[in-house]
Amino acid sequence: MVDGEPRPWLPSPAPAMDEITFKSDTVLSDVHLHTPNQRHLMVRLSGVGQPVFLSQFKLLWNQAPQTDSGAEGGNHRAHHAEATPPARSGCSSEGVSLQAGADATSQEGVAAQLDEDGDLDVVRRPRAASPSKPSGPPRDKVWRGALFLADYILSQRDLFQGRTVLELGAGTGLASILAATVAQTVYCTDVGADLLAMCQRNIALNSHLTAAGGGVIKVKELDWLKDDLCTDPEVPFSWSEEDISDLYGHTTIVLAAEVFYDDDLTDALFKTLSRLAHRLKNASTAILSVEKRLNFTLRHLEVTCEAYDHFRSCLRRLEGLTGGRLRFAVEPVDVSFPQLLVYERIQQLELWKVFVEPVTEPIVSADTAS
């Protein structure tokens, strides 16, 4: 209430993309805006009101020989990555550390400000800043679920050896970069030229990781709300016919992390998974990382897990599909794999695998048929 009047949660008419708005059933705990070192800056909102951050990081990797590992993690040394690292983070050469860009010398940034009612005032980046040459201090924001998936990749390197991998909603590109240390080709996809340019910069910063194995990362736009891939050569990060042929002809692993925060986008992602599965020539496995977030919503006036519940219902619907030429099998991943990156591994972090295989038609003899 403001001066005795209800607070207007939804403006009318529909707001422009660059206006700060939230749905009536969304609270700030959904958004997870985090500024411990005054170095994270929201640059815009996505189409569903999710804050978009620009991030830049470099991984410092132990160059000692490493053996491929199974569930126990083999002989990996401890790798360190911070979800929110301090400026000029001190990093040992014996591990992996998430670090701001090479010139991260300034701690100046935009602090979280509260208004007189205690609400968060979010300061937007100046419009004059260019996405290709961001002004001010570097931003770094890696969601916990992405680090969780990265841990799984590091502990199951043989699973990705020589594979072609597709990541949906790549964000900073962390999972794509780590997968490319052993995979043959990784398609790192998202939407928005600024995000994809950020992924490209992060890949360049971490090219030392993929150089030894010869892995190739291709940054492409893949919009879950569109049926077809963009092939217009005038559009940045569009697809060539050669890339599309390689994607459909060789992809066997699909990754997605921290993309299940909005029901509409979750539906779009599962439709995209189904569409891709029917176009891929090989059996494939989707590995999905999700955090079960407990949020107080205004709709129910209680703590719920609506986004997670909707994600689980989509998994059940996918597994229940019958009568087609593909079979979908869903199973949770044992999360006892070692933690190699530094972040808070909470119980609400989960990994799910979706196995996609062609349905084998039963062989019916002529005598049986008659």
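As recorded in an unreviewed UniProt entry, the protein chain goes by the name Methyltransferase-like protein 22 isoform X8, listed as coming from Tursiops truncatus.

Undergrad: Quick question: what am I supposed to make of the packing of helix α8 (residues 263-279) against helix α9 (residues 306-319) here?
TA: Packing of α8 against α9 brings their axes to within 10 Å, and their N-to-C directions diverge by 25°. On the basis of the axis angle, α8 is roughly parallel to α9. In terms of crossing hand, the pair formed by α8 and α9 is right-handed. Contacts between α8 and α9 involve Asp263, Thr266, Asp267 and Phe270 from the former and Glu306, Ala307, His310, Phe311, Cys314, Leu315, Arg317 and Leu318 from the latter.

Undergrad: I keep staring at the pairing of strand β15 (residues 349-358) and nothing clicks. Help me out?
TA: Looking along a regular strand, one sees the side chains alternate between the two faces of the sheet. Of all 10 residues that make up β15, 7 are buried, and the element is covered over most of its length. Pairing between strand β11 (residues 284-291) and β15: 8 bridges, direction antiparallel. The residue bridging Ile287 from the neighbouring strand is Lys353, located in β15.

Undergrad: When you look at the nonpolar core in this model, what are you seeing that I'm missing?
TA: One recurring pattern in soluble globular proteins is that nonpolar side chains are buried together. Judged by nonpolar contacts, the single largest core of 42 residues is most densely connected at Leu149, Ile153, Phe160, Leu255, Ile287 and Leu351. Elements represented by at least two residues in this core include exactly α2 (144-155), α4 (174-179), β8 (185-190), α5 (193-205), β9 (216-221), β10 (251-257) and β15. The element contributing the most residues to this core is α2, with 8 residues. In this view, Leu255 contacts Leu149, Ile153, Phe160, Val165, Leu166, Glu167, Leu168, Ala175, Ala179 and Ile287; residues no more than four positions away in its chain are not counted. By size, the runner-up hydrophobic cluster in this structure holds 37 residues, among which are Trp224, Leu229, Trp239 and Trp352.

Undergrad: What should I look at first to understand helix α7 (residues 241-250) in this one?
TA: Residues spaced three or four apart along an α-helix face the same direction, because each turn holds 3.6 residues. Inspection of α7 places Asp243, Ile244, Leu247, Tyr248 and Gly249 among the buried residues, and these make up the whole buried set. Looking at the buried positions of α7, the neighbouring elements they touch are β7 (164-168), β8, β9, β10 and α8.

Undergrad: Any chance you could explain the sheet that holds β8 here in plain terms?
TA: Strand-to-strand pairing in sheets goes through backbone hydrogen bonds, with the strands running parallel or antiparallel. The strand order β9-β8-β7-β10-β11-β15-β14 describes an open sheet built from 7 strands, whose pairing is mixed. Only two strands of the sheet have a single partner each, and these edge strands are β9 and β14 (326-332). On average, adjacent strands in this sheet sit at an angle of 20° to one another, irrespective of strand direction. Taken together, the 5 bridges between β7 and β10 define a ladder with parallel strand orientation. Residue Glu167 lies in a different strand from β10, and its bridge partner there is Leu255. Its contacts with the sheet put α5 on β8 and β9, and the angle it makes with β9 is roughly 170°. The strands that α9 touches are β11, β14 and β15; relative to β15, the one it contacts most, it runs at about 20°.

Undergrad: Is there a simple way to think about unusual backbone geometry in this case?
TA: Note: most peptide bonds trans; most residues except glycine with negative phi. Positioned with a positive phi, Phe237 is a non-glycine residue whose angle comes to about 65°. Tracing the sequence through the fold places Phe237 in the loop between β9 and α7. A positive phi angle, close to 55°, is found at Glu258, a residue other than glycine. Note that Glu258 resides in the loop between β10 and α8. With a relative accessible area of 10%, Glu258 lands in the buried category.

Undergrad: Quick question: what am I supposed to make of the environment of Lys353 here?
TA: Structurally, Lys353 is set in strand β15. Since its relative accessible area comes to 14%, Lys353 is described here as buried. When the C-alpha atoms of Lys353 and Glu331 are compared, they prove to be 5.5 Å apart, with 22 residues separating the residues in sequence. The residues contacting Lys353, other than those within four sequence positions of it, are Tyr152, Leu159, Thr285, Ala286, Ile287, Ala329, Val330, Glu331 and Val333. At a separation of 2.9 Å, a polar atom in the side chain of Lys353 contacts the side chain of Tyr152.

Undergrad: Quick question: what am I supposed to make of α9 here?
TA: A rise of 1.5 Å per residue sets the reference length of α9, with its 14 residues, at 20 Å; its end C-alpha atoms lie 20 Å apart and thus fit the reference within 8%. Where α9 is buried, its residues touch α8, β11, β14 and β15.

Undergrad: For this particular structure, what's the right way to read the side chain of Asp243?
TA: Examined against the element boundaries, Asp243 turns out to sit in helix α7. Looking at Asp243, its side chain comes within polar contact range of the side chain of Lys218, at 2.9 Å. There is a polar contact of 3.0 Å between the side chain of Asp243 and the side chain of Lys220. If we ignore the near neighbours within four places in the chain, the residues touching Asp243 are Tyr187, Lys218 and Lys220.

Undergrad: Honestly, the packing of aromatic side chains in this entry has me stumped. Any pointers?
TA: Centre-to-centre distance and the angle between the planes together describe a pair of aromatic rings. Throughout the structure, instances matching the rule amount to 7 aromatic pairs. With centroids separated by 5.3 Å and ring planes inclined at 35°, the aromatic side chains of Phe148 and Phe337 adopt a geometry described as tilted. With Phe148 in helix α2 and Phe337 in the loop between β14 and β15, the pair connects residues that are 189 residues apart, well separated along the chain. As far as burial versus exposure is concerned, Phe148 and Phe337 are alike and both buried. Ring geometry for Tyr308 against Phe311: centres 6.4 Å apart, planes inclined by 40°, an arrangement best described as tilted. One end of the pair is Tyr308 and the other is Phe311, both in helix α9 and 3 residues apart, which spans about a single turn. Judged by its relative accessible area of 0%, Phe311 falls in the buried class. Among the aromatic side chains, those forming a connected cluster through ring pairs are Phe260, Phe270, Tyr308 and Phe311.

What counts, and where the lines are drawn
- Residues numbered from 1 in each chain as written.
- Predicted model: local features only at pLDDT ≥ 70, side-chain atom pairs only at ≥ 80, totals over all residues.
- Heavy atoms only, no water.
- Axes fitted to C-alpha atoms, helices over the stretch in contact; angles between N-to-C directions.
- Helix = DSSP H or I, 4+ residues; strand = E, 2+ residues; numbered from the N terminus.
- Parallel < 35°, antiparallel > 145°, perpendicular 65-115°, else oblique.
- Left-handed = near helix turned anticlockwise from the far one by under 90°.
- Contact = heavy atoms within 4.5 Å.
- Buried < 20%, exposed > 50% of the residue type's maximum accessible area, 1.4 Å probe, protein only.
- Pairing = 2+ DSSP bridges.
- Core = buried A, V, L, I, M, F, W, Y, C linked by side-chain atoms within 4.5 Å.
- Polar contact = N/O pair within 3.5 Å; in protein donor to acceptor, adjacent residues only side chain to side chain.
- Expected span 1.5 Å × (residues − 1).
- Phe/Tyr/Trp six-rings, centres within 6.5 Å; stacked < 30°, edge-to-face > 60°.

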